[in-house]
Amino acid sequence: ETGVTQTPRHLVMGMTNKKSLKCEQHLGHNAMYWYKQSAKKPLELMFVYNFKEQTENNSVPSRFSPECPNSSHLFLHLHTLQPEDSALYLCASSQKLLGESLSNQPQHFGDGTRLSIL
Amino acid sequence: KQEVTQIPAALSVPEGENLVLNCSFTDSAIYNLQWFRQDPGKGLTSLLLIQSSQREQTSGRLNASLDKSSGRSTLYIAASQPGDSATYLCAVRSSNYKLTFGKGTLLTVNP
């Protein structure tokens, strides 16, 4: 139990579908992240949210739409995805301490959602 | 653009052996470097984080070193156990705060 829960664990969808991935952290952290892990490629950071505000978007296509309603929940809304979007999507959280850089804090990861686009 | 390379891509050793995993990066202007472990079907678990001003960090049987000037880090695992079998990922935080991961080393420790 990592304290970061992702649902669903597996998702199969067609290119015209709309679905959402959910992440919930029970660690009292104030920063949350979405990562994409494709086969044979390095892990890629997609989005960073700090105190519910998006602070980083690494040139992610608009068919991926994140939402962070509060510090404990993070969603990734998906629509009109492409086959190359099939991957493991990982959520992580960390705690930003006063006076410290967010970059210095370890991130706690969920077990991911395995997404397959037909 | 920072590039992170991990060698070897896969490693298989008998139980009890000491081993070294390698990570190299192209831009030495880094903020910190982190080693993670990933079990099949699971997320990442942070093992060690080394600040750019540090030379090494230790946790139990794990020791990570950092040579910033040569763009290298090593993860040393002492007395390996079958439970150490996993993929080990290196991640470099550049001075512009961008995080770049390597592709990982798949470690198998045979009983």
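One structure accompanies this document, and this report is about it.

## Considerations on the interface of chain A and chain B
So, point 1. Listed by partner, the interface residues are 18 residues for chain A and 20 residues for chain B.
So, point 2. Approximately 1500 Å² of surface area, both sides summed, lies buried where chain A meets chain B, with 48% of it carried by carbon and sulfur atoms.
So, point 3. Counting across the chain A and chain B interface gives 1 salt bridge.
So, point 4. A salt bridge links B:Lys42 to A:Asp111; the nearest nitrogen and oxygen atoms lie 3.5 Å apart.
So, point 5. On the surface where chain A and chain B come into contact, there are 4 residue pairs in polar contact (both at pLDDT 80 or more).
So, point 6. Sorting the residues of the side of chain A that touches chain B by element identifies β4 (31-37) and β9 (87-94) of chain A as the ones contributing at least two each.
So, point 7. Tallied by class, the residues present in the side of chain A that touches chain B amount to 7 nonpolar, 7 polar and 4 charged.

## Comments concerning unusual backbone geometry
Note: most peptide bonds trans; most residues except glycine with negative phi.
So, point 1. The amide bond that connects A:Thr7 to the next residue, A:Pro8, takes the cis arrangement and shows omega of -10°.
So, point 2. Mapping A:Pro8 onto the fold places it in the loop between β1 (4-7) and β2 (10-13).
So, point 3. Each neighbour pair has its own omega, and for B:Ile7 with B:Pro8 the value is 0°, a cis peptide bond.
So, point 4. Positionally, B:Pro8 belongs in the loop between β1 (4-7) and β2 (10-14).
So, point 5. If you check the backbone angles, A:Thr80 has positive phi at about 45° while not being a glycine.
So, point 6. Counting through the fold element by element, A:Thr80 comes out in the loop between β8 (73-79) and β9.
So, point 7. Given the relative accessible area of 42%, A:Thr80 is considered partly exposed.

## Some remarks on the environment of B:Ser70
Residues and elements named next belong to chain B.
So, point 1. Tracing the backbone through its elements, the reader meets Ser70 in the loop between β7 (62-67) and β8 (72-77).
So, point 2. Looking at Ser70, the relative accessible area reads 37%, which means it is partly exposed.
So, point 3. In the structure, Ser70 is positioned 42 residues away from Ser28 in sequence and 7.4 Å away in space, judged by C-alpha atoms.
So, point 4. Looking at Ser70, its side chain comes within polar contact range of the side chain of Asp67, at 3.1 Å.

## Re the pairing of strand β7 (residues 64-70) of chain A
Here is the key point about a regular strand: its side chains alternate between the two faces of the sheet.
Residues and elements named next belong to chain A.
So, point 1. Two elements, β7 and β8, share 5 bridges in a ladder whose sense is antiparallel. The residue of β8 that forms the bridge with Ser65 is His77.
So, point 2. From the end of β7 to the start of β8, which pair antiparallel, there are 2 residues.

## Let's talk about the layout of surface pockets
So, point 1. Taken as a whole, the largest pocket holds about 1100 Å³ of empty space.
So, point 2. A:Gln37, A:Ser38, A:Lys41, A:Pro42 and A:Leu43 are the residues nearest the centre of the largest pocket, which is lined by 44 residues in total.
So, point 3. Counting only elements with at least two residues in the lining of the largest pocket, the list comes to β4 and β5 (44-50) of chain A together with β1, β9 (86-94) and β10 (99-101) of chain B.
So, point 4. Residue composition of the lining of the largest pocket, by class: 17 nonpolar, 14 polar and 13 charged.

## Observations regarding the state of the cysteines
So, point 1. In the structure shown here, the tally under the stated rule is 2 disulfides over all chains.
So, point 2. Two residues share a disulfide in this structure: A:Cys23 and A:Cys91, whose sulfurs sit 1.9 Å from each other. Between A:Cys23 and A:Cys91, the S-S dihedral sits near -75°, and the bridge is therefore left-handed. Taken together, the residues A:Cys23 in strand β3 (residues 18-25) and A:Cys91 in strand β9 connect sequence positions 68 residues apart.
So, point 3. Note on cysteine connectivity: B:Cys23 is disulfide-linked to B:Cys90, with sulfurs 2.0 Å apart. When the S-S torsion is -60°, as for the bridge of B:Cys23 with B:Cys90, the disulfide is left-handed. Taken together, the positions of B:Cys23 in strand β3 (residues 19-25) and B:Cys90 in strand β9 put the pair 67 residues apart, joining distant regions of the chain. Comparing B:Cys23 with B:Cys90, the two get one shared label, buried.

How each quantity is defined
By convention here, each chain's residues receive numbers from 1 onward along its written sequence. Labels follow written order: the first chain is A, the first ligand is 1, and so on. Per-residue local features are limited, in this predicted model, to residues with pLDDT of at least 70; the limit for side-chain atom pairs, both in listing and counting, is 80 or more; totals at the level of whole chains, interfaces and linings are taken over all residues. Side-chain figures throughout are based on the complete set of non-hydrogen atoms in the structure, without hydrogens or water. In what follows, a contact means two residues having at least one pair of non-hydrogen atoms within 4.5 Å. Note on terms: buried area is the combined drop in 1.4 Å-probe accessible area of two parts once they are placed together, counting the loss on both. Every case where a carboxyl oxygen of Asp or Glu lies within 4 Å of a side-chain nitrogen of Lys or Arg is listed as a salt bridge. Two N or O atoms form a polar contact when they lie within 3.5 Å of each other; inside protein one atom must be a possible hydrogen donor and the other a possible acceptor, and for residues adjacent in sequence the pair counts only when both atoms belong to side chains. Every helix listed is a DSSP run of H or I at least four residues long, and every strand listed is a run of E at least two residues long, numbered separately from the N terminus. Ten residues, namely Ala, Val, Leu, Ile, Met, Phe, Trp, Tyr, Cys and Pro, are considered nonpolar, four, namely Asp, Glu, Lys and Arg, are considered charged, and the remaining ones, Gly among them, are considered polar. A 1.4 Å probe rolled over the protein chains alone gives each residue an accessible area, and that area as a share of the maximum for its type sets the label: buried under 20%, exposed over 50%, partly exposed in between. Here, strands pair whenever DSSP counts at least two bridges between them. Here a cavity means grid points, on a 1 Å grid over the protein atoms only, where a 1.4 Å probe fits yet cannot get out; a pocket means an open set of points with protein on both sides within 12 Å along at least five of seven lines; lining residues are those with an atom within 4 Å of a point. Grid points are joined across faces, edges and corners, and a volume is the space filled by probe spheres set on the points. The disulfide criterion used throughout: a pair of cysteine sulfur atoms within 2.5 Å.

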